[in-house]
Structures are given as structure tokens and as C-alpha cells.
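# Fold and contact review
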Amino acid sequence: MQSRIAVFLLPVATMMVVGLAASGIAYAQISPEEHASHHPEEAAKTFGESGMGGMGGKEMGGPPEGTGPGMLGGKGGGMGGMMGGGEGGVGMMGGGGMGGMMEKMGAPKPKDLYPSLMELPDLPMERRGELEHEAHQRMIAGTRVLSEGFDELSISAGSDDFVAMQAATAKIREGLGDFESGLAAHRALREGKAPRSVALQWFKNEMNLSDGTPVAASNAWLWGMTPFHTIVMVILVLFAVTMIWMYFFKMRRAASLLERLASSEGGGSTGVGASASGGAKLGVGRGGGGSNTTTTPNSPSSTDCCDTDDGCVTEQDVKGVSHNGLLAVGKKKLCKLRVAKIIQETEDVKTFRFVACHGGGIPFSYLPGQFLTLTLPVAETPIKRSYTISSSPTQGYFCEVTVKREDKGAGSRYLHDQVKVGDTLEVKAPSGKFVFSGKESDDIVLISGGVGITPMMSIARALTDMAWPGEIHFIAACRDPAHFIFESELKRLQEQFDNLHVHVAMSRIKEDLNGYTSGRLNKELLAEWVPKIASKRIHICGAPAMMEATKAMLAELEVPAESIHTENFGSTQKPKAKVAEKQEARQEKATGAKVTFATSNKSTSLPPDETILEASERIGVDIDYSCRVGTCGECRVKLLSGNVSMEVDDGLDPDEKEAGMILACQSKSTEDVSVEA
């Protein structure tokens, strides 16, 4: 770090030294002998008939006709000799004498304003006006060049372009010279000062010479500099300080990022390695940064984002999912996400984009087809609802859920009617086994109905993001074009990727329209759209009735049952209506099976067709739930005694099963059981 600072400060210090040198302070005197030693070829001419004594010429106080040893007097007096060359010369930089020598020394080229100045007061009034206008234009031009030079210096210093910095400082000096030359001319014309004295003073400034006269205290501000030069130097110093501050600010941010990257323990940008346990050893997804979430100094504290001490992201072995380590998966930790954007997909469907509340990447990762469980503060007692993620896990800085508003759905109504951009919601990291990572098969058939398109969209987005080479058959069933979710994006993806084949059946259009097929999805369309469908892996998502009908059609097409994977979007019955119906019809029997809720110290009967979750609702025992179909895992409780059967147990990890955890929404029994609830 110290070497980098030294490298940066070196050009800044050089620039300040150059600025001090350009301020016009000349404490050192150059003697005639030193000047002659530097220019021996000019010595004879200059020290010959031109002489080096006094000021020379009548106008400069020397002997008449310039016969004496005048410093600026040649033959003919006036400002000839060294200043003009030749007899009686009047040009400040005219002729071949000093003008040629100054060009050899690298001084600025002669300015044609001064030969005219030397003719004052003999110039007519018309010529004086022209000269004053020319001086004014010279000042304006100098100001413009100065402004351009400072702009270029600011830009080049920000990008550490030292060549451009040097060019910018040269432009600043050029503009300053033009401005001072015009200013000197104005002084001669407006203030009535002797033009030759003004020209001589300009010449001394250009040659960095001094006449030994100290600067009056009233005209000097800092270190003998004029007010103008003092202001310029203050600007340069402020600019240098600003650049140094910006450099240290950037380096501090870079150091913070390096610390976060160094703290990670195996989590890559998106890839993961294989573990020894047979599953995939999974770290953080893109943008995660490590095994723990790290907050920046200006971000909310970790307690504002997560309810755990060790952050939202950990590594784990995911078993039962054949993805071979395509993307990382986080544990089911609770975190808060902020709503960054809300997109109206159709009249009753919205997409909600979530980002990390502390900035940076989202604090978990997931696989295409998984879902989020949201905690929604609908009433005094918050409810939990699970929604399939529609975004691609390759987008590590956000995730999206696409939700249809249901009139009887408390969760969807809250999201559509109450949630706005900037709100934060508590979420549980994604889960679910309805996933396809591209490793499970060489091709995939995605069949969706209505809002069941959301997990299919996540899979299609992920596969196309990764340029997956297999064939993707995307089949959607909906009512009409107005209810076709993600229509424009699917068209764009189909145009970009030759291996993506989109087919749409619309039940409420009378004839084929814009490539959409009229009527309901049937087995003839499936056989036509997907050649050799019996050999394909197939994912189905939609309403229960739609999925059952599609599975029957696939069975007729001789598709093996093990090749068909489904995702339920809810229970086939409304849970509250079902509980109320059973509560009215059932009377507790002393000889029947019972369920005991140990924590609540309550018990009730447990008929063979009733789940433990439904029994808990009858007697007011609070057990969290979301999907009620056995996939989210929200209703898991510990079985203390007895045995239960579960039709679906996807919401449980293998280690949870070994620990005696069960899903209350799926657990039934014909014997007495006790659970921790």
C-alpha cells in the first residue's frame, strides 16, 4: 500500500513544483558572463557593435545614437541591437537578433503584438483601437486555453494518465502567457504607461530575469507571488488534495473488497466443487462473497438483515438433488430482502424483484425451479407463503417471484395491494426439489399452465444464460395473449437461441393467431411439438387438474412415470373449509387414535384421514405452514413418540429426517402420537 501511495504522490509533487516554477518568482540573477558562456556563437555579435552597458539608446537613458555600451542599444539607438537586431530596430522580437536566439533557447515564439506596441505613441488612433481589440482577444483566448487546460488536467489526473497531465500543464502555461501578453498591452494603452517599459518587463518575465527590485509588499500575498499567481497555486493545491483523497477512498474500498474475498472458504463466483459425501459441496452464489454475509460500514447492521449470528449464507451438502454442483444453494436461514422493483406482467400478475437489504449480492443462492417462503405481516399474526422464483440464479444480485392475485388469497392480495418499492420482507432461503440444472438430462420439456410458468421461466433463463447446448421445449397453456406471462421475453429468447422451442396453446382464441395454437393442450399437440417425447425428461407445473390431465396424456404417449416431474401450486382443497367441515362432522372417540402437542399441553383425536396440521388447527395449536403440500418444509415438527406416514416429504432434508422431524401437513397416523408443538 505504501509503495502505491508513493507512486501516486510523485506526479502530484512534480505538478506542484512545476506550478511554483511557473509563478514567475525569480530570485536568482543570471550574469552577462554566464549568458555568454551558454551562447558563445552569439557573444561576438551581442557584445560587439551592440554593446552591453546600461539600457542603451535615447529612449532607455543611454548615450545618444546607441554608441555607448548599452545593454539593449545597437547602432541607431532605440530598441535595436540585442532586442531587434540591425540598425534602429524597433521590434520587441523582430529581426534576427534576440528573436532567433530565444527560439534556439526554447522560449515562446515572438508575439506580433509587441512590435506594434513599440511604435507607440506614434501610432494613429485607428491603429490604437485595433491594437486594443487585439489585446482583448488575446486575453479571451488565453482564458479559454487556461480553462481547457484545467479541464484536461482534472480528467487525466482522475485516470492517472501522466502524459495527458503533462500536456494539460503545458496548455495551462500557454494560456497564461497569452493572457499576460494581452494584459500588458491593455496596461500600456489604458494606463498611459511607457510601452517600452511594459515590453521590457514582459521580456524579463519570459526569460525568468529579475532587475533586483523587490516586489512591493502591497502587491504580494504569499511568498512574494502576485494575487493572480497565489489564486492559481491555491487552486492547484486544492486539486492535488482532492485527488489524494479520492485515491485513498478508492484504495480503502478495494481493501475492504479484498478482505471479503479473502474471508470466503471455498465459495466461488458461481461454480462449486464436489464434496466427499457424494452430494455437491456448495458455497455462495455470484455476488455472495463468502461463507458469511459481510456488511459495509455504511450499511445496516447484520441484525437488520438476518436473525442469525452467523449471517444468511453457509455451505452445505445438498442431497437428493442431481445437479452435480452447477450452482450454489444456501441453508434455510431467515433474512430480510428489500423490494427493488415491481413489474406488472398482466392485469392480475406482478413480478417482485428482491435485493439484499445491505447492498451487494443476495445473501443466499438457489437452483432453477426452487421457491422462496415469505413472511407477510397481513394481520397481528404474520402468515407465511411460498412462491416459486422466476428469475435465473445466474443473476446473483437479485431474485424475483411472480405472483398472481387471488381474491381469496391473503398472501397474494397483500403483495399486490400493500407492498411497494422500498419495503423489506422476511424470507427463508430457497428450497424445493423441482429443479433442473442441465446436468440431469441432455434435453428438457417444460409444460406449464397459467402462473405455473414461473419455475419454467427460471429454468429457461438459467439454461440460456449459461448457453446450455441441449434442446429446450417450452410449452405453455393459457387463456389468451392478454394472460400470456413473459410473452415478450420468451419471443426474444427464442430468436436468440436456436435450441429453445416455444409452443403456446390458448383456450380462448377461436383460431390460430401469431403463432399461437387455439384450443386446449392435448396429446396430439404434444406429440407434434416434441419429437420422441417418450424419451424426454418432462417437468409439469400448474393447477392440480391441469397437471393430472397432462400426466394422463403423457402416459398415453408412453412416457415413463419416472421421467415426469411435477410441482404443486397448492392444496386441492381449501384448508380452512376442510377443517371446518371435519370439525362439525366429527365427535371425539375415546377408543380412537390421539395426537398430543407436548409444548402446548393439548391433545385431540386423530382420525385416519386427518393430518396433524389439521388437528392442530381444530384445537388452536399454532404450527407454521405455507404450501400445505409437503414441499416448503415450513410445518416441520419433531415427532416425540408414535409413527406417522407422509405422502410427500420433499420439504425435509436427510439430516432432519434422521433427527425425527416430520411434516405436519402430510403426517397421518392410526396410533397415538406425540409431537413437539
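What counts as what
Residues numbered from 1 in each chain as written. Predicted model: local features only at pLDDT ≥ 70, side-chain atom pairs only at ≥ 80, totals over all residues. Heavy atoms only, no water. Helix = DSSP H or I, 4+ residues; strand = E, 2+ residues; numbered from the N terminus. Buried < 20%, exposed > 50% of the residue type's maximum accessible area, 1.4 Å probe, protein only. Contact = heavy atoms within 4.5 Å. Areas by Shrake-Rupley, 256 points an atom, 1.4 Å probe, with all protein chains shown as cover. Pairing = 2+ DSSP bridges. Right-handed = clockwise from strand over helix to strand, strands pointing away. Core = buried A, V, L, I, M, F, W, Y, C linked by side-chain atoms within 4.5 Å. Axes fitted to C-alpha atoms, helices over the stretch in contact; angles between N-to-C directions. Parallel < 35°, antiparallel > 145°, perpendicular 65-115°, else oblique. Left-handed = near helix turned anticlockwise from the far one by under 90°. Nonpolar A, V, L, I, M, F, W, Y, C, P; charged D, E, K, R; others polar. Salt bridge = Lys/Arg side-chain N within 4 Å of Asp/Glu carboxyl O. pLDDT = per-residue confidence, 0-100. Polar contact = N/O pair within 3.5 Å; in protein donor to acceptor, adjacent residues only side chain to side chain. Phe/Tyr/Trp six-rings, centres within 6.5 Å; stacked < 30°, edge-to-face > 60°. Lys NZ or Arg CZ within 6 Å of the ring centre and 35° of its normal. Expected span 1.5 Å × (residues − 1). Patch = residues over 30% accessible without salt bridge, like charges linked within 9 Å, V, L, I, M, F, W, Y side chains within 5 Å. Disulfide = S-S within 2.5 Å.

## Things to note about the overall build of the protein chain
- The secondary structure content of the protein chain amounts to 18 helices and 22 strands.
- Burial analysis of the protein chain (677 residues in total) assigns 46% to the buried set.
- Considering only intrachain contacts with a sequence separation of at least 6, the fraction spanning at least 24 residues in the protein chain is 64%.
- As displayed, the protein chain offers around 34,100 Å² of accessible surface, 53% of which is attributable to carbon and sulfur atoms.

## Structural notes on the pairing of strand S12 (residues 500–506)
- For S12, a buried count of six out of seven residues is recorded, marking the element as mostly surrounded by other parts of the structure.
- As paired elements, strand S11 (residues 471–478) and S12 share seven bridges and run parallel to each other. Opposite Ile475, over in S12, you have His503 as the bridge partner.
- For the handedness criterion, the β-α-β arrangement of S11, helix H13 (residues 487–496) and S12 is classed as right-handed.
- Note that S12 and strand S13 (residues 517–518) share two bridges and pair parallel. In the strand pairing of S13, Met506 is matched with Ser518.

## Things to note about the nonpolar core
- Counting 29 residues, the largest nonpolar core has Ile453, Phe474 and Phe484 as the members making the most contacts within it.
- Only strand S10 (443–449), helix H12 (453–465), S11, H13 and S12 provide two or more residues apiece to this core.
- The biggest single contributor to this core is H12, with six residues.
- Not counting the four nearest positions on each side in its chain, Ile453 is found in contact with Ser448, Phe474, Ala476, Phe484, Ile485, Phe486 and Leu490.

## Remarks on the packing of H12 against H13
- In the contact formed by H12 and H13, the axes pass within 12 Å of each other and the chain directions differ by 30°. Taken together, the axis directions place H12 and H13 in an arrangement best described as roughly parallel. Crossing handedness for the pair H12 and H13: left-handed. Packed against H12, whose contacting residues are Ile453, Met457, Arg461 and Thr464, the element H13 presents Glu489, Leu490 and Leu493 at the interface.
- Class assignment for the residues of the contact of H12 with H13 results in four nonpolar, one polar and two charged.

## Description of the pattern of salt bridges
- In this structure the tally under the stated criterion is 19 salt bridges.
- Ionic pairing is found between Asp649 and Lys657, a salt bridge with its closest N-O pair at 2.9 Å.
- By relative accessible area, which is 26% here, Asp649 ends up partly exposed.
- With a relative accessible area of 38%, Lys657 lands in the partly exposed category.
- Among the charged side chains, a network of salt bridges with common partners joins Arg353, Glu400, Arg461, Glu489 and Arg492.

## Regarding the sheet that holds strand S18 (residues 636–641)
- As summarised here, the arrangement of the five strands in space is S17-S16-S22-S18-S20, forming an open sheet in which the pairing is mixed. Of all strands in the sheet, those with a lone pairing partner are strand S17 (602–605) and strand S20 (661–663), marking the two edges. Neighbour to neighbour, the strand axes of the sheet diverge by 35° on average, direction disregarded.
- By the bridge criterion, three bridges tie strand S16 (residues 594–597) to strand S22 (residues 673–676) in an arrangement that is parallel.

## Some remarks on the confidence of the model for the protein chain
- Residues of the protein chain with pLDDT of at least 70 account for 62%, and the chain-wide mean is 73.
- Low pLDDT, under 50, characterises residues 587–591; the stretch is placed with three contacts to residues that sit more than four places away or in other chains.

## Regarding the side chain of Lys384
- Mapped onto the secondary structure, Lys384 falls in strand S7 (residues 383–388).
- A polar contact of 3.4 Å, which involves the side chain of Lys384, links it to the side chain of Asp624.
- Apart from residues no more than four positions distant in its own chain, Lys384 is found in contact with Thr373, Leu374, Thr375, Asp624, Tyr625, Ser626 and Glu634.

## Details of the packing of aromatic side chains
- In this structure the tally under the stated criterion is five aromatic pairs.
- Look at Tyr247 and Phe248: their rings are 5.8 Å apart centre to centre, the planes differ by 75°, and that puts the pair in the edge-to-face class.
- Residue Tyr247 is classed as buried on the basis of its relative accessible area of 13%.
- Above the plane of the ring of Phe398 lies Arg353, whose end atom (NZ or CZ) is 3.7 Å from the centre.
- Against the face of Tyr625 rests Arg628, its NZ or CZ located 4.7 Å from the ring centre.

## A few points about the sheet that holds S10
- Sheet architecture is open: six strands sit in the order S13-S12-S11-S10-S14-S15, paired in parallel fashion. In this open sheet, the two strands that pair with only one neighbour each are S13 and strand S15 (564–568).
- Most of the contacts of H12 go to S10, to which it runs at about 150°, and overall it touches S10, S11 and strand S14 (537–542).
- Contacts between H13 and the sheet are confined to S11 and S12, with S12 contributing the most and set at about 145° to the helix.

## Digging into H12
- In this model H12 runs 18 Å from its N-terminal to its C-terminal C-alpha over 13 residues, within 8% of the 18 Å that 1.5 Å per residue would give.
- Counting buried positions along H12 gives 12 out of 13 residues, so the element sits mostly inside the fold.
- Within the span of H12, buried status applies to Ile453, Thr454, Pro455, Met456, Met457, Ser458, Ile459, Ala460, Arg461, Ala462, Leu463 and Thr464.
- Buried residues belonging to H12 abut S7, strand S8 (399–404), S10, S11, H13 and S14.
- Following H12 by one or two positions, Ala467 has its phi on the positive side, about 55°.

## With respect to helix H11 (residues 410–417)
- Buried residues of H11: Gly411, Ser412, Tyr414, Leu415 and His416, and no others.
- Against the buried residues of H11 lie strand S5 (349–356), strand S6 (371–376), S7, S8 and strand S9 (424–431).

## Looking at unusual backbone geometry
- One non-glycine residue, Ala467, adopts positive backbone phi at about 55°.
- With respect to the secondary-structure elements, Ala467 resides in the loop between H12 and S11.
- The class for Ala467 is exposed, based on a relative accessible area of 54%.

## Here we look at the environment of Arg405
- Within the secondary structure, Arg405 is located in the loop between S8 and H11.
- Residue classification places Arg405 among the partly exposed residues on the basis of a relative accessible area of 28%.
- Sequence-wise, Arg405 and Leu415 are 10 residues apart; in three dimensions their C-alpha atoms are separated by 8.2 Å.
- Sequence-distant contacts of Arg405, defined by excluding residues within four places in its chain, comprise Asp348, Ser412, Arg413, His416 and Asp417.

## Examining a nonpolar patch on the surface
- On the surface, Trp245, Met246 and Phe249 cluster together to form a nonpolar patch covering roughly 310 Å² of accessible area.
- Relative to the elements of secondary structure, Trp245 occurs in helix H9 (residues 227–263).
- Residue class for Trp245 comes out exposed when judged on its relative accessible area of 56%.

## Regarding the state of the cysteines
- Counting across every chain of the model gives zero disulfides.
- Between Cys665, a free cysteine, and Cys635, which holds the nearest cysteine sulfur, the sulfur-to-sulfur gap is 3.5 Å.
- Residue Cys665 is classed as buried on the basis of its relative accessible area of 8%.

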